[in-house]
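Read off the chains here:
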Amino acid sequence: MINMACISDLPYEILLKGASVKKSEEFIRENCDEVYHVPGGYSLAGVMLKGGKTIPIGVKGNSIYFQYVKPCKGLFVLKLDDAEEEIEKLRQGNYQ
C-alpha cells in the first residue's frame, strides 16, 4: 500500500484561490515554462490530485505549479519549490 501525504505537510505557497478550472489552467500556462497534463488521481509528492480527466502541472525553474481541490474550500493553484524529483518524473512521462 502506498502512503499518501497530506497537503498540509508540504511547504506550498497559494498563488490563486477560488478560481475556476479554466482560470487556474490559464494561470499555470501563463506563468510556467513547461506544462504537463496528468490524469486525475496522479500522486504529486505523495498527495493525490483530484479533478477531471486531466490536471495541469506547470514547471518554472525548480518549482511546480498545480491545481489542488481543498474539500469545502474550492480550487487553488499551489506552488511547491525544490521539486526537482517531481519535475523529473513529469519530464519522463511517469504518470503512474
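Residues numbered from 1 in each chain as written. Predicted model: local features only at pLDDT ≥ 70, side-chain atom pairs only at ≥ 80, totals over all residues. Heavy atoms only, no water.

*Asks:* Account for unusual backbone geometry, naming residues and giving values.
*Replies:* The residue alanine 45 is not glycine, and still its phi comes out positive at about 55°. Accessibility expressed as a relative area gives 24% for alanine 45, which makes it partly exposed. The phi dihedral of aspartate 82 falls on the positive side, at around 50°, and the residue is not glycine. Here aspartate 82 lies in the loop between β7 (74-80) and α2 (84-91). Overall, aspartate 82 belongs to the exposed group, its relative accessible area being 59%. (Buried < 20%, exposed > 50% of the residue type's maximum accessible area, 1.4 Å probe, protein only. Helix = DSSP H or I, 4+ residues; strand = E, 2+ residues; numbered from the N terminus.)

*Asks:* Which residues make up the sheet that holds strand β2 (residues 34-39), and what are the values?
*Replies:* The strand order β1-β7-β6-β5-β2 describes an open sheet built from five strands, whose pairing is antiparallel. Only two strands of the sheet have a single partner each, and these edge strands are β1 (12-17) and β2. Adjacent strand axes in the sheet meet at a mean angle of 30° when their direction is disregarded. Where strand β6 (residues 63-70) lies against β7, seven bridges are found, and the strand directions are antiparallel. By the bridge assignment for β7, glutamine 67 is matched with valine 77. Its contacts with the sheet place helix α1 (residues 21-31) against β1, β2, β5 (54-60), β6 and β7, and it is angled at close to 170° to β6. (Pairing = 2+ DSSP bridges. Axes fitted to C-alpha atoms, helices over the stretch in contact; angles between N-to-C directions. Contact = heavy atoms within 4.5 Å.)

*Asks:* Can you explain the nonpolar core? Please cite residues and give values.
*Replies:* Among the nonpolar cores identified, the biggest contains 20 residues, and Leu49, Ile57, Ile64, Phe66 and Leu90 are the most heavily contacted of them. Each residue touching phenylalanine 66, except ones within four places of it in the same chain, is listed here: Ile7, Ile28, Leu44, Leu49, Pro56, Ile57, Phe76, Val77, Leu78 and Leu80. (Core = buried A, V, L, I, M, F, W, Y, C linked by side-chain atoms within 4.5 Å.)

*Asks:* Account for the packing of aromatic side chains, with residues named and values stated.
*Replies:* Summed over all chains, the structure comprises zero aromatic pairs. Positioned over the ring face of phenylalanine 76 is lysine 70, at 5.0 Å from the centre of the ring. (Phe/Tyr/Trp six-rings, centres within 6.5 Å; stacked < 30°, edge-to-face > 60°. Lys NZ or Arg CZ within 6 Å of the ring centre and 35° of its normal.)

*Asks:* Run through the environment of glutamate 86, naming residues and quoting values.
*Replies:* Topologically, glutamate 86 is positioned in helix α2. By relative accessible area, glutamate 86 is classed as buried at 12%. Once the C-alpha coordinates of glutamate 86 and leucine 44 are considered, the two residues, 42 residues apart in sequence, prove to be 6.9 Å apart. For glutamate 86, the contacting residues outside a window of four places in its chain are Tyr42, Ser43, Leu44, Ala45 and Ile64.

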